[in-house]
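Chain and residue survey
Residue-level listing of the chains:
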Amino acid sequence: MALEEDRFCLYAQEIAPLGHTEAGAGHIEILLRLHDEAGRIILPDSFIPAAERYGLMTSLDRWVVENVFKLIARCMLERPGRPMAMCAINLSGITIGDDDFLRFLREKFSAYGIPPGMICFEITETTAVANLTQATRFIAVLKGMGCRFSLDDFGTGLSSFGYLQTL
């Protein structure tokens, strides 16, 4: 299995503003990729459906958080006091309903000393609306810690503004 064989890797993609913004450290989105047995890079649309089908998405989300937090902690150690980009991390729909994942996040923020304001969790609009009660609770808990949130694929679903206002 790819998780056990540590064949996943992270990439960062800059999120660039369209207009003028205040100077700052920027914003990046973390992207997950898989290396196949031959070392070729496999894009998420080829492996995420299988991970969803076999109930592995929360494990993948944990892997991403753990490894992103390790990288941030290392950068904070190597470059103390220097500004760092906000990191956007995508989460699956199944993960946002998992109370164990919330505990996991609290532990990781504490263990790695990551300021919650550096992290922006992305969930898809469709997932948020489909799991409105769970998404609202999940967002409230993490926003209370200082994390940020964004809706991914906004406008692709059939959400009403009432649902979006709730989020």
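Scroll up a little and you will see the structure.
Thresholds applied
Along every chain, residues carry numbers that run from 1 in the direction the sequence is written. In view of the model being predicted, local features appear only for residues whose pLDDT reaches at least 70, and side-chain atom pairs are presented and counted only at 80 or more, with totals across whole chains, interfaces and linings using the full set of residues. To obtain the side-chain values, all non-hydrogen atoms of the structure were included, while hydrogens and water were left out. In this description a helix means any DSSP run of H or I spanning at least four residues, a strand means any run of E spanning at least two, and both kinds are numbered starting from the N terminus. The classification of residues rests on relative accessible area computed with a 1.4 Å probe and restricted to protein chains. Under 20% of the type maximum is buried, over 50% is exposed, and intermediate values are partly exposed. In this analysis, two residues are considered to be in contact whenever any of their non-hydrogen atoms come within 4.5 Å of each other. Definition used for salt bridges: Asp or Glu carboxyl oxygen within 4 Å of a side-chain nitrogen of Lys or Arg. Two aromatic rings, drawn from Phe, Tyr or Trp (for Trp, its six-membered ring), form a pair once their centres lie within 6.5 Å of each other, and the interplanar angle then sorts them: stacked below 30 degrees, edge-to-face above 60, tilted otherwise. Buriedness of a pocket was judged along seven lines, with at least five required to meet protein on both sides within 12 Å; pockets are open sets of points on a 1 Å grid over the protein atoms alone, cavities are sets where a 1.4 Å probe fits but cannot get out, and lining residues have an atom within 4 Å of a point. Grid points are joined across faces, edges and corners, and a volume is the space filled by probe spheres set on the points. All residues other than Ala, Val, Leu, Ile, Met, Phe, Trp, Tyr, Cys, Pro, Asp, Glu, Lys and Arg, Gly among them, are scored as polar; the first ten of these are nonpolar and the last four charged. Multiplying 1.5 Å by the helix residue count minus one yields the expected span of that helix. By definition, the arc is the one covered by directions from the helix axis to the C-beta atoms. Polar contact is the term for a pair of N or O atoms within 3.5 Å; when the atoms are in protein, one must be able to donate a hydrogen and the other to accept it, and sequence-neighboring residues count only if both atoms are side-chain atoms.

The helix and strand tally for the protein stands at 7 helices and 6 strands. Out of the 167 residues in the protein, the part that is buried amounts to 37%. Sequence-distant contacts in the protein: of pairs separated by 6 or more residues, those separated by 24 or more amount to 73%.

The tally for this structure, following the rule as stated, stands at 6 salt bridges. Between arginine 137 and aspartate 99 there is a salt bridge whose closest N-O contact spans 2.8 Å. Remark: aspartate 99 occurs in helix 4 (residues 99-112) and arginine 137 occurs in helix 6 (residues 132-145); sequence separation between them is 38 residues.

The subject of this paragraph is the packing of aromatic side chains. All told, the structure shown has 7 aromatic pairs when counted by the stated rule. Ring geometry for phenylalanine 8 and tryptophan 63: centres 6.0 Å apart, planes at 55°, overall tilted. Remark: tryptophan 63 occurs in helix 2 (residues 57-78) and phenylalanine 8 occurs in strand 1 (residues 8-14); sequence separation between them is 55 residues. The class of phenylalanine 8 is buried, set by a relative accessible area of 10%.

It is worth spelling out the layout of surface pockets at this point. Put simply, the largest pocket is a space of about 470 Å³. Surrounding the largest pocket, 22 residues form its lining, Pro44, Ile48, Met57, Asn90 and Leu91 being those nearest its centre. If you list the elements that add at least two residues to the lining of the largest pocket, you get strand 2 (27-35), helix 1 (44-53), helix 2 and strand 4 (86-90). In terms of residue count, strand 2 provides more of the lining of the largest pocket than any other element does, 5 residues in total. Class assignment for the residues of the lining of the largest pocket results in 11 nonpolar, 5 polar and 6 charged. By volume, the second largest pocket amounts to about 240 Å³. Lining of the second largest pocket is provided by 14 residues; of these, Ile28, Leu71, Ile72, Cys75 and Cys87 occupy positions nearest its centre. At the level of elements, strand 1, strand 2 and helix 2 are the ones that each hand at least two residues to the lining of the second largest pocket. For the lining of the second largest pocket, the element with the highest residue contribution is helix 2, accounting for 4 residues. Of the residues contributing to the lining of the second largest pocket, the split by class is 13 nonpolar, no polar and 1 charged.

A word on the environment of tyrosine 11. Within the secondary structure, tyrosine 11 sits in strand 1. With a relative accessible area of 36%, tyrosine 11 lands in the partly exposed category. Here the alpha-carbon distance between tyrosine 11 and isoleucine 30, two residues 19 residues apart in the chain, equals 5.8 Å. Contact partners of tyrosine 11, with chain neighbours within four places excluded, come to Glu29, Ile30, Leu31, Arg33 and Ile41.

Between the first and last C-alpha of helix 4 there are 20 Å, a value that for 14 residues agrees with the 20 Å anticipated at 1.5 Å per step. Burial in helix 4 covers these residues: Phe101, Leu102, Phe104, Leu105, Lys108 and Phe109. In a view along the axis of helix 4, the buried residues occupy a sector of 160°, so they form one face of it. Those residues of helix 4 that are exposed and aimed more than 90 degrees away from the buried face are Glu107, Ser110 and Ala111. For helix 4, the secondary structure elements touched by its buried residues are helix 2, helix 3 (93-96), strand 5 (119-124) and helix 6. The backbone nitrogen of aspartate 100 lies 2.9 Å from a side-chain oxygen of the residue at the head of helix 4, namely aspartate 98. Looking one or two residues beyond helix 4, the residue adopting positive phi is glycine 113, at roughly 65°.

Keep in mind these values describe shape, not function.
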